[in-house]
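# Examination of the molecular architecture
Below are the chains, spelled out letter by letter.
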Amino acid sequence: MSVQTQPQDQAAASASPVIELREVRVVHKTRTGGLFRPGLVKAVDGVDFTISRGETVGIVGESGCGKTTLARVLVGLQRPTSGEVLFRGRPLRYTAPERRELGRAVSVVFQDPATALNPRMIVREQLLDPLIVHGIGTPESRDARVRELIGLVGLPPSALEVLPRQISGGQRQRVAIARALALEPDVIVADEPTSALDVSVRAQVLNLLTDLKEGLGLGMIFISHDISTVRFVADRMAVMNAGKIVETGPSDAIFASPQHDYTRTLLSAVPTLL
Ligand SMILES: Nc1ncnc2c1ncn2[C@@H]1O[C@H](COP(=O)(O)OP(=O)(O)OP(=O)(O)O)[C@@H](O)[C@H]1O
């Protein structure tokens, strides 16, 4: 099943897809098959998926359904076992220059900012790092960009001078988001970006992500096990179960009238106020 662009996403419809997956499968080898006999897990099982600038698509499914493996395919960290990945319309061959270009165009925000950031580098260095690695700008323009980035995520310039452990979990995730924006990506993949945070700061980080993608016209793939959070962020969602996308459509329509049994199960776990 593919995730199609809706009429309300006119701008996105006219933009060409940044990433397109066609019948993508990823099979992992595991050690659980028995002695001398590795088992195989179909983590992603025949997924079609498209994302363009300006579009937000949520991916929802319970733990182990293949969301993170799919995210890794989307950012080029995982090669599919079969199927095709198109990057800006061309089949990805995973050459070093292509991976570099993909790394610039599609960035990722992971669940836990504590592991995404280097504990020994101050925030300024963490934000400068991608700019230096990609040879972008002069020392002066990089400094200006770093100040701009920290402002974009709602932190004061003084936050540039601290180590990750000197700020809160929510502030660390803001730094991770700033880092993900450093190379002006077309698409951000946010993989459970609020799951490791205190409940009290989750909404702030979600609001920041939605404001940024609207302000910057980014594409966003928002991944979560929580269907209510996905609905809050994404106009459209893809429901994933056992490696397959079993249902896709506007988030409100899926809430109002789920078509697949698995989606109904996810919705039955959503608390209501009545
Ligand atoms: N590197 C790996 N080697 C072997 N099996 C793996 C590997 N990565 C994932 N798997 C297995 O593939 C399946 C999908 O895992 P994946 O992490 O993509 O799902 P997920 O929906 O993101 O789950 P979670 O939210 O728990 O991370 C699971 O059965 C998992 O155990």
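An account of the accompanying structure is given in this report. Everything quoted here is computed from the prediction, not taken from an experiment.

## Here's the deal with the environment of phenylalanine 222
Structurally, phenylalanine 222 is set in strand β8 (residues 219-224). Between the C-alpha atoms of phenylalanine 222 and glutamate 62, which are 160 residues apart in sequence, the distance is 14 Å. For phenylalanine 222, the residues in contact, after removing those within four places along its chain, are Thr56, Gly58, Ala190, Val230, Val233 and Ala234.

## Here we look at the sheet that holds strand β9 (residues 236-241)
Working definition: the strands of a sheet are paired by backbone hydrogen bonds and lie parallel or antiparallel to each other. Overall, mixed pairing links the 6 strands, which are arranged β6-β7-β8-β3-β9-β10 in an open sheet. The sheet is open, and its two borders are formed by β6 (106-109) and β10 (244-250), each paired with just one other strand. The average undirected angle you get between the axes of adjacent strands in this sheet is 20°. Bridging between strand β7 (residues 187-191) and β8 involves 5 bridges; their strand directions are parallel.

## Description of helix α5 (residues 123-133)
Listing the buried residues of α5 in full gives Val123, Gln126, Leu127 and Leu128. In the core, the buried residues of α5 are packed alongside α6 (139-152) and α7 (169-181). Just downstream of α5, glycine 135 is the residue with a positive phi angle, here 60°.

## A few points about the site of the ligand
In the vicinity of the ligand lie 13 residues, with His28, Ala43, Ser63, Thr68 and Thr69 positioned nearest. At the level of elements, β1 (19-30), β2 (39-51) and α2 (67-74) are the ones that each hand at least two residues to the shell around the ligand. Broken down by element, the shell around the ligand gets its largest block of residues, 3 residues, from α2. Its residues assigned to classes, the shell around the ligand comprises 3 nonpolar, 9 polar and 1 charged.

## What to know about the sheet that holds β1
If you walk across this open sheet you meet the 4 strands as β2-β1-β4-β5, and the pairing is antiparallel. Because the sheet does not close on itself, it has two edges, and the strands there are β2 and β5 (90-91). With 2 bridges joining them, strand β4 (residues 82-87) and β5 adopt antiparallel strand pairing. Pairing of phenylalanine 87 across the sheet is with arginine 90, part of β5.

## A closer look at helix α8 (residues 199-216)
Owing to its 3.6 residues per turn, the α-helix aligns residues three or four sequence positions apart on the same side. In this model α8 runs 26 Å from its N-terminal to its C-terminal C-alpha over 18 residues, within 8% of the 26 Å that 1.5 Å per residue would give. Among the residues of α8, Val205, Leu209, Leu212 and Lys213 are the ones counted as buried. All buried residues of α8 project into a common sector of 95° when viewed along the axis, lining one side. Structural note: α8 exposes Ser200, Glu214 and Gly215 on the side pointing more than 90 degrees away from its buried face.

## What to know about the packing of α7 against α8
Where α7 meets α8, the closest approach of the two axes is 10 Å, and the angle between their N-to-C directions is 15°. Here α8 runs roughly parallel to α7, going by the angle between their axes. Where α7 crosses over α8, the handedness of that crossing is right-handed. Touching Gly169, Gly170, Gln173, Arg174 and Ile177 of α7 are Val201, Gln204, Val205, Leu208 and Leu209, all from α8.

## Things to note about the environment of leucine 266
Along the chain, leucine 266 turns up in helix α11 (residues 261-268). The buried category is assigned to leucine 266, around which 22 C-beta atoms lie within 10 Å. Separated by 200 residues in sequence, leucine 266 and glycine 66 have C-alpha atoms that sit 16 Å apart. For leucine 266, the contacting residues outside a window of four places in its chain are Val60, Ile227 and Val239.

## Quick word on the pairing of β10
Strand direction decides the pairing type here: β9 and β10, joined by 6 bridges, are antiparallel. Bridging across to β10, arginine 236 finds its partner in proline 250. Here β9 folds back onto β10, and the loop between the two strands holds 2 residues, one of which, alanine 242, carries a positive phi near 50°.

Procedures and definitions
- Residues numbered from 1 in each chain as written.
- Predicted model: local features only at pLDDT ≥ 70, side-chain atom pairs only at ≥ 80, totals over all residues.
- Helix = DSSP H or I, 4+ residues; strand = E, 2+ residues; numbered from the N terminus.
- Contact = placed C-beta atoms within 7 Å.
- Pairing = 2+ DSSP bridges.
- Axes fitted to C-alpha atoms, helices over the stretch in contact; angles between N-to-C directions.
- Buried ≥ 20, exposed ≤ 12 C-beta atoms within 10 Å, placed from the backbone.
- Near = placed C-beta within 6 Å.
- Nonpolar A, V, L, I, M, F, W, Y, C, P; charged D, E, K, R; others polar.
- Expected span 1.5 Å × (residues − 1).
- Arc of directions from axis to C-beta.
- Parallel < 35°, antiparallel > 145°, perpendicular 65-115°, else oblique.
- Left-handed = near helix turned anticlockwise from the far one by under 90°.

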